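Survey of secondary and tertiary structure
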Amino acid sequence: FFDNDGVLVDTEPLFLEATQQVLATVGVEVSPQIYHDLTMRSGRTVFELATAQGISEAAIIELRAIRDQRYSELIRGGIQVLDGVPEALERLRGVWPTAIVTSSGRDHFEEIHAQTNLLRFFEFVLADGDYAQHKPHPAPYRAAAERMGVDPARCLAVEDTERGLVSATEAGMECLVIPH
């Protein structure tokens, strides 16, 4: 099972850029380190920083929508498939069944992969909304193993973050982490 952002495609910088731009409009600065610590390590949201500054929940919902629009614009500007990914997936084709397990929303995921030609390598995709709880909870990887019809102990997850590692290992899988 492959994570998407940071494993297959180089989209995390675009998401960070969109988030930084939107939160800056309300005076919240998000450094790459803060973003990494909150989202990549613990699976939390940097919008907590806006809440801590007294920004209302209604305003945060609006900011998220604006961020999502901006992220879509950045995606449409072009995304990069990470080096070696198509070749590795081609070598795995027919040898091992593969799937994508991502925290990305389905709309953004589809915008990304409209540009990649990578989905042909995968049996299925699980995205935000296809499981009960997000990474670092084990639910995404448990759902993937169940859908594939295999014991999680027989699975390998490929991740780039600590929250992904925790999700996969708590689901009972081995996990290969490729920091990006």
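Up top you'll find the structure we're talking about.
Residues numbered from 1 in each chain as written. Predicted model: local features only at pLDDT ≥ 70, side-chain atom pairs only at ≥ 80, totals over all residues. Heavy atoms only, no water.

Two strands pair when backbone bridges link them, and strand β3 (residues 156-159) and strand β4 (residues 174-177) are joined in this way by four bridges, in the parallel orientation. Note that in β4 the partner of Leu-156 across the bridge is Glu-174. Each parallel crossover has a hand, and the one from β3 via helix α8 (residues 162-170) to β4 is right-handed. (Pairing = 2+ DSSP bridges. Helix = DSSP H or I, 4+ residues; strand = E, 2+ residues; numbered from the N terminus. Right-handed = clockwise from strand over helix to strand, strands pointing away.)

Let's shift gears to a nonpolar patch on the surface. A cluster of nonpolar residues, Leu-156, Leu-176 and Ile-178, forms a patch on the protein surface that exposes about 260 Å² of accessible area. Here Leu-176 falls in the partly exposed class, since its relative accessible area comes to 42%. (Patch = residues over 30% accessible without salt bridge, like charges linked within 9 Å, V, L, I, M, F, W, Y side chains within 5 Å. Areas by Shrake-Rupley, 256 points an atom, 1.4 Å probe, with all protein chains shown as cover. Salt bridge = Lys/Arg side-chain N within 4 Å of Asp/Glu carboxyl O. Buried < 20%, exposed > 50% of the residue type's maximum accessible area, 1.4 Å probe, protein only.)

Here the focus is the packing of helix α7 (residues 139-148) against α8. Running from N to C, α7 and α8 cross one another at 50°; their axes reach a closest spacing of 7 Å. When the interaxial angle is binned, α7 and α8 end up oblique. The two elements α7 and α8 cross, and the hand of that crossing is right-handed. Judged by residue contacts, Pro-140, Tyr-141 and Arg-142 of α7 engage Gly-164, Ser-167, Ala-168 and Glu-170 from α8. (Axes fitted to C-alpha atoms, helices over the stretch in contact; angles between N-to-C directions. Parallel < 35°, antiparallel > 145°, perpendicular 65-115°, else oblique. Left-handed = near helix turned anticlockwise from the far one by under 90°. Contact = heavy atoms within 4.5 Å.)

In terms of nonpolar packing, the biggest core is built from 22 residues, with Phe-2, Leu-8, Val-9, Val-85, Leu-89, Leu-118 and Phe-122 touching the most fellow members. Going through the elements one at a time, α1 (12-24), α4 (57-76), α5 (85-92) and α6 (106-113) are the ones with two or more residues in this core. Among the elements that line this core, the one with the most residues is α4, at three residues. Non-local contacts of Leu-8, meaning those with residues more than four positions away in its chain, are made with Phe-2, Asp-3, Val-81, Leu-82, Val-85, Leu-89, Ile-100, Leu-118 and Phe-122. Grouped together as the second largest cluster of nonpolar side chains are 15 residues, Phe-1, Ala-171, Met-173 and Cys-175 included. (Core = buried A, V, L, I, M, F, W, Y, C linked by side-chain atoms within 4.5 Å.)

This part takes up the packing of α4 against α6. As a packed pair, α4 and α6 sit with axes 9 Å apart at the nearest point and diverge in direction by 10°. Comparing their axes, α6 and α4 come out roughly parallel. Only His-108, Glu-111 and Ile-112 of α6 make contact with α4, whose side of the interface consists of Asp-68, Tyr-71, Ser-72, Ile-75 and Arg-76. Each residue belonging to the contact of α4 with α6 can be placed in one class, and the counts come to three nonpolar, two polar and three charged. (Nonpolar A, V, L, I, M, F, W, Y, C, P; charged D, E, K, R; others polar.)

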